[in-house]
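Here is what each chain is made of, one letter per residue.
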Amino acid sequence: MIEFRFDVGDLATTSFAYSPLQEAVFSLRCLHDPARYPHHRPWLRRIRPRLDALDGELLAALAAPWLWVPDFLTPRPERARPAFPYELNRLRATQPDVVVADFHATYRTADALPPVVSRGLTDPAAFLARITDALDAYWHTCLATDWWPRAQSILESDLAHRSRVLAEQGAGALFAGLDDRLTWSEGQLRLSTRDFMLQAPWTDTSIAGRGLVLLPTLFARGAQPLIDPLRPPTLIYPAYGRATLSETPPPPTDTALVRLLGRARARLLLLLAEPASTTELAHRLDVTAGAVSQHLAVLYDAGLLSRTRSGRVVRYARTPLGDGLCRDQ
């Protein structure tokens, strides 16, 4: 059991964020154990040929066989929605002694370190530069174009969902909904570790005015803390709706919905069981964003969709009327 102890006011400074760097690093877990991540199999099949052009030995070593990763690779976000280049620059600024300490904490014994890590830690500053270059190449080769738009939409939807739960049901329901191993009582958040692959090296930490950041991820089966309890408090949990990552667009049919709306608009309405942006929908349907935008405007004007803006991104979701039309499809 791990306990997070909240002082007066700590709950008010608890916040949500997501991290593209974290998702890039955690995605390397698939290389060790793809069976644990069935929703990522289509993506993993697509990228396998591309991995040969990357620093594969190093990338595979960034996640231990028991799926821990060094804490310095996933720094707590300084904002709710950081961009990957911004986070990578933060990573480049990591102190060399932190790199060494975190790899040893992750692999637990020097004998367990992979050869590429053992060699690299003899010059940790140069090794850090190699790591950041490898992650940058991995991001742009395997993630940025054909994975991140959909992943980001799921993470955004998670943040919107958690905000509604907190506003309507309170902190107890919020934490319980993140993972059934989490319980909230009398200023303490408890995380059961009964099914951890390895037990964390600590059992409790005090938030003590430092704020707790809650981070959804597509690469965890349960809630998990950082390895080092002295770092700013962070709790990572499975993102709501992550199973939709492997969904394919509904096939064209001759149902009543198609006869009513037309084939293109019917497919869009069926896809929008979870909120999505114009760019993501265009990517999933392999059509232009302009074509999608025109159809979304018609569905919105008809009252079948709602839309919300987050920064420069507009996300669409079905209204109750839209849900009703899709119910029997």
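Please refer to the structure higher up on the page.
Residues numbered from 1 in each chain as written. Predicted model: local features only at pLDDT ≥ 70, side-chain atom pairs only at ≥ 80, totals over all residues. Heavy atoms only, no water.

1. Quick notes on the sheet that holds strand β1 (residues 2–5)
The cut-off we apply is this: At least two DSSP bridges between two strands are needed for those strands to be called paired. Secondary structure elements follow DSSP: runs of H or I no shorter than four residues count as helices, runs of E no shorter than two count as strands, and numbering proceeds from the N terminus. Here the axes come from fitting lines to C-alpha atoms, over the contacting stretch only for helices, and the angles between their N-to-C directions go from 0 to 180 degrees. For this analysis, residues touch if any pair of their heavy atoms sits within 4.5 Å.
Taken in spatial order, the four strands of this open sheet run β3-β4-β1-β5, and their pairing is mixed. One side of each edge strand has no neighbouring strand; the edge strands of this open sheet are β3 (182–185) and β5 (204–206). For this sheet, the mean angle separating the axes of adjacent strands, direction not counted, is 15°. Inspection of the sheet shows β3 paired to strand β4 (residues 188–191) by four bridges, in the antiparallel sense. Looking at β4, one finds that L182 is bridged to L191. Along the sheet, helix α10 (residues 171–178) contacts β3 and β4; its crossing angle with β3, the most-contacted strand, is approximately 165°.

2. Concerning the packing of aromatic side chains
Each aromatic ring pair is summarised here by two numbers: the centre-to-centre distance and the angle between the ring planes. As a reminder, the rule being used: Note on aromatic contacts: the rings of Phe and Tyr and the six-membered ring of Trp form a pair at centre separations within 6.5 Å, being stacked when their planes are under 30 degrees apart, edge-to-face when over 60 apart, and tilted otherwise. Geometrically, a lysine NZ or arginine CZ counts as sitting over a ring once it is within 6 Å of the ring centre and also within 35 degrees of the ring normal.
On inspection of all chains with the given rule, the structure shows 15 aromatic pairs. Residues W66 and Y107 carry aromatic rings whose centres are separated by 6.0 Å and whose planes lie at 70° to one another, so their mutual orientation is edge-to-face. With W66 in the loop between α4 (56–61) and α5 (84–92) and Y107 in helix α6 (residues 96–107), this pair connects stretches of sequence that are 41 residues apart. Taken together, Y18, Y37, W43, F84, W139, W147, W148 and F219 form an aromatic cluster joined through their ring pairs. R29 extends its terminal NZ or CZ atom over the ring of F26, reaching a point 4.1 Å from the ring centre.

3. Focus on helix α14 (residues 289–301)
Convention followed: One less than the residue count of a helix, multiplied by 1.5 Å, gives the span that helix is expected to have. For each residue, the accessible area found with a 1.4 Å probe, counting protein chains only, is set against the maximum for its type, and the residue is called buried under 20%, exposed over 50%, and partly exposed in between. Comment: arc refers to directions from the helix axis out to C-beta atoms.
A rise of 1.5 Å per residue sets the reference length of α14, with its 13 residues, at 18 Å; its end C-alpha atoms lie 18 Å apart and thus fit the reference within 8%. Regarding α14, the residues found buried are V292, L296 and L299. Down the axis of α14, the smallest arc covering the buried residues is 60°, so these residues share one side. Turned more than 90 degrees off the buried face of α14, the exposed positions are Q294 and D301. Against α11 (256–261), α12 (263–271), α13 (278–285), β10 (305–310) and β11 (313–318) lie the buried residues of α14.

4. Re the packing of helix α3 (residues 41–51) against helix α8 (residues 124–143)
To keep things clear, this is the line we draw: Comment on the angle field: the value is read as roughly parallel under 35 degrees, roughly antiparallel over 145, roughly perpendicular from 65 to 115, and oblique elsewhere. Crossings are sorted by hand: turned counterclockwise from the far helix by less than a right angle, the near helix makes the crossing left-handed, and turned clockwise it makes it right-handed. Three classes are used, and their members are as follows: Ala, Val, Leu, Ile, Met, Phe, Trp, Tyr, Cys and Pro are nonpolar, Asp, Glu, Lys and Arg are charged, and the others, Gly among them, are polar.
Direction vectors running N to C along α3 and α8 enclose 130°, while the axes themselves pass 10 Å from each other. When the interaxial angle is binned, α3 and α8 end up oblique. Judged by the twist between their axes, the crossing of α3 over α8 is right-handed. Residue-level contacts link W43, I47, R50 and L51 of α3 to Y138, T141, C142 and L143 of α8. The class makeup of the residues in the contact of α3 with α8 is six nonpolar, one polar and one charged.

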